[in-house]
Structure formats: structure tokens, C-alpha cells
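Inside the fold
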There are 2 protein chains.
Amino acid sequence: MSATDSFGNFLRTRRQRKAGDDPSFSLRKLANRIGIEPSYLSKIERGHQPPPGEDTIRKIADELGEDRDAMLALAGKVSSDLLEIIRQRPAVVAELLRAIRRAPARRITEMSREVRDGEW
Amino acid sequence: MSATDSFGNFLRTRRQRKAGDDPSFSLRKLANRIGIEPSYLSKIERGHQPPPGEDTIRKIADELGEDRDAMLALAGKVSSDLLEIIRQRPAVVAELLRAIRRAPARRITEMSREVRDGEW
DNA sequence: TGGGGTGTGTAGTAAAAGCTACACACTGAA
DNA sequence: TTCAGTGTGTAGCTTTTACTACACACCCCA
């Protein structure tokens, strides 16, 4: 399943679920709040257009109450602030990312906690 | 200094240094080995063109014996294999990256080692 | 005094990304 | 029975990305 399709499907089902008990989540109204053309949003939901740009995805995620990074990933993208973190120290950070590729998620979360708590 | 300029400057000085004792590092010959037009390489070196695409940067880095991730970073890019690692598990990996933003490089390298050694 | 080698200037090009604008057809309530 | 609201189809657009093609001017040295 292409990024175009999975992003669209996810978006459509999440929006429709919300539209069930909140009429402000009609395709048109949501598009207006986000600041894009309704027809464009329609095409994205059905996979007739690839996912939109980063800023637009961010707004969509916020409106739906979904995780920004997860939606960006669905769209085949990575948040630009993460890119910036990598670009600041390419060698060390690249090494770390390649190291954790197959590590269990639990272990990765644990590492985040340790770093934040300053355990070293 | 823009990405265009710093990438160009770095490339030019590294290439010229090598050209000093190895004539196969003339702009033209290097361009031919890489598979791009000499005039294009010339413009990139002088910052008249933005850095080339990922594949081309990779080839340049390999020719110069420089770190790929570092050169990509100079160009304002991030290696697509790292993007893929993030997209696989956006939430956990994003959390980790944001956590290490201000951590000392030594600590990050240490973490890579620990994960590879399977210390958990 | 050419003929290979050097770098550079000008002028394009193809494809992708990220959209807009507007008309159309349907539905459900007033 | 109209009209506000729903989603959708068609046809564009601008900007960015990542280059190519080719001619020009200089230098050196055989």
C-alpha cells in the first residue's frame, strides 16, 4: 500500500469517525479550518493526490487529535525539527539511529527517559 | 552561511587539496567519475547552484573519502536510510531524537555502543 | 602553433511537489 | 421547492529540484 493510499485511508476513517458526533468535521469544514481547498482534501482522502506538505499535515493531525510524527510517517515524511537534530551532529546521531534499528521499542523509550533524567 | 555556500566551499577545498598530489582530482575528471557535467560541479563548488541530489552527494563523499552523513548534512539533507528508520517507528524514535538534542556527543556515542552490545 | 587539459558562462529542460479555482450532482430539512 | 450543505471532477498553476548541452577562454608544452 502506497503512502498516498495509507495516508488517505487513515485520514478519511479518522475524520468520518469524528464527523459522526461532530458536524464540524465534514470534509468541507475541516478543509476550511486547515486552509486548503475541499476538493484537494477529498482527493487526498481517496488517494487521488499524494499527501500534502508538512505544515498541512501538522494542522490535520492537530485537528484530528492524532500524533504529528505518526501522520507524517504515514505520508512518507519526517518532521523538519527532527531533520535539524540530525543535521546538527550527523555522525553521532546517524550512528545511534542505525544502532537502534532493530532494538525493541521498550528499550528505545527507556533510553529517552534515561537521557532526560540525566543518568550519566 | 547557506547550505549552498558551505557545501560548495567544503567540496572545493577538499577536492583541491587532493588535486595537489593527484591530477585525477581535477574538476573535470572528478565530475566524469561521478557522472555529472563539469560545469554543474563547478557551479556547485562556487555556490552558484545548490548541492546536488542524495545519490550524487554520496558519490562525491566516497570519492573524497569523506563521511557521507556529514556531507549530506552540509547540504541540508539527511540520508534516506535514516529517514526510513524514523518512519518505521515514528513515535518512539522521535521521542529519542528530541531527548538527545542537548545531550553531549560522548553520551550519544555511548548509547550506540550499549545498544549494539545488547546491554539490557 | 596547435592540441590536450583546465575551469566557467549561458541557456535551457523534465519531472515532481503542492497546491487553487470553479463547476457539478446529490441530499435533507424549512 | 428552494437552498444550504455535502462530496467530487476537471483543469489548470507556481515553485522547486536536479540536472544537461555546449560554447568560450585560458594555459602549457612539444
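Sequence positions are assigned chain by chain, starting from 1 and proceeding in written order. Labels follow written order: the first chain is A, the first ligand is 1, and so on. Thresholds applied to this predicted model are a pLDDT of at least 70 for local features of residues and 80 or more for the giving and counting of side-chain atom pairs; totals over whole chains, interfaces and linings are not thresholded and use all residues. The basis for every side-chain value is the complete set of heavy atoms in the structure, and neither hydrogens nor water enter the calculation.

The next thing to look at is helix H1 (residues 3-21) of chain A. Since one α-helical turn is 3.6 residues long, residues separated by three or four positions face the same way. Residue and element names in this part refer to chain A. Segments assigned H or I by DSSP are reported as helices when at least four residues long, segments assigned E as strands when at least two residues long, and all are numbered from the N terminus. By definition here, a helix of n residues has an expected span of 1.5 Å times n minus one. Here H1 spans 28 Å end to end across 19 residues, near enough to the 27 Å set by a 1.5 Å rise per residue. Remark: exposure states derive from per-residue accessible area (1.4 Å probe, protein chains only) relative to the maximum for the residue type, with buried under 20%, exposed over 50%, and partly exposed in between. Those residues of H1 that fall on the buried side of the exposure criterion are Thr-4, Ser-6, Phe-7, Gly-8, Phe-10, Leu-11 and Arg-15. Where the residues of H1 are buried, they touch helix H2 (27-34), helix H3 (38-45), helix H4 (54-64) and helix H5 (68-74). Every residue pair with non-hydrogen atoms within 4.5 Å of one another is taken to be in contact.

Turning next to the protein's contact with DNA strand C. If even one non-hydrogen atom of a residue comes within 4 Å of a molecule or strand, that residue is called near it. Around DNA strand C, 22 residues are found, and the nearest of them are Gly53(A), Lys77(A), Arg28(B), Ser42(B) and Arg46(B). Here the atoms of DNA strand C within 4 Å of the protein split so that 54% fall in sugar or phosphate, with bases taking the remainder. In the analysis that follows, any N or O atom pair within 3.5 Å is treated as a polar contact, provided that within protein one partner can donate a hydrogen and the other can accept it, and provided that, for residues neighboring in sequence, both atoms belong to side chains. Measuring from a base nitrogen of DNA strand C, one finds a side-chain N or O atom of Ser39(A) at 3.1 Å. Lys77(A) is positioned with one of its side-chain polar atoms (N or O) 2.7 Å from a phosphate oxygen of DNA strand C. Counting residues per element, the ones that place at least two in the surface near DNA strand C are H3 of chain A together with helix H1 (3-21), helix H2 (27-34) and helix H3 (38-45) of chain B. Examining the composition of the surface near DNA strand C, we find that four residues originate from one element, H3(B), more than from any other. Note on residue classes: Ala, Val, Leu, Ile, Met, Phe, Trp, Tyr, Cys and Pro are nonpolar, Asp, Glu, Lys and Arg are charged, and everything else, Gly too, is polar. In the surface near DNA strand C, the residues fall into five nonpolar, eight polar and nine charged.

In this section: the protein's contact with DNA strand D. Near DNA strand D there are 22 residues, and of these Arg28(A), Ser42(A), Arg46(A), Gly53(B) and Lys77(B) occur at the shortest range. Within 4 Å of the protein, the contacting atoms of DNA strand D are drawn from sugar and phosphate to the extent of 55%. At a separation of 2.9 Å, a phosphate oxygen of DNA strand D approaches a polar side-chain atom of Ser26(A). At the level of elements, H1, H2 and H3 of chain A together with H3 of chain B are the ones that each hand at least two residues to the surface near DNA strand D. The greatest single-element share of the surface near DNA strand D, amounting to four residues, is contributed by H3(A). Partitioning the surface near DNA strand D into residue classes produces five nonpolar, eight polar and nine charged.

Of the residues lining the interface, 39 residues belong to chain B; the matching set on chain A comes to 39 residues. When the buried surface of chain B facing chain A is broken down by residue, Arg89(B), Arg107(B) and Val115(B) rank first, second and third, together holding 15% of it. A side-chain nitrogen of Lys or Arg and a carboxyl oxygen of Asp or Glu constitute a salt bridge if their distance falls within 4 Å. Linking chain B with chain A are six salt bridges. Between the two partners, chain B and chain A, sit 16 residue pairs in polar contact (both at pLDDT 80 or more). When residues of the side of chain B that touches chain A are traced back to their parent elements, those giving at least two are helix H5 (68-74), helix H6 (80-88), helix H7 (90-99) and helix H8 (105-117) of chain B. Taken together, the residues that form the side of chain B that touches chain A break down as 22 nonpolar, four polar and 13 charged. Each of two parts loses accessible area, computed with a 1.4 Å probe, when they are put together; buried area is these two losses added.

Next up on the list: the relation of the copies chain B and chain A. For this overlay, a least-squares fit was computed on C-alpha atoms, restricted to residues scoring pLDDT of at least 70 in both copies. Once chain B is rotated about the relating axis by 180° and shifted along it by 0.0 Å, it coincides with chain A to within an RMSD of 0.1 Å. The symmetry that links the two subunits is that of a two-fold axis. For chain B, the smallest separation between a C-alpha atom and the rotation axis is recorded for Met111(B), amounting to 4.0 Å. Most of the interface of chain B is mirrored in chain A, where 100% of its interface residues again form contacts.

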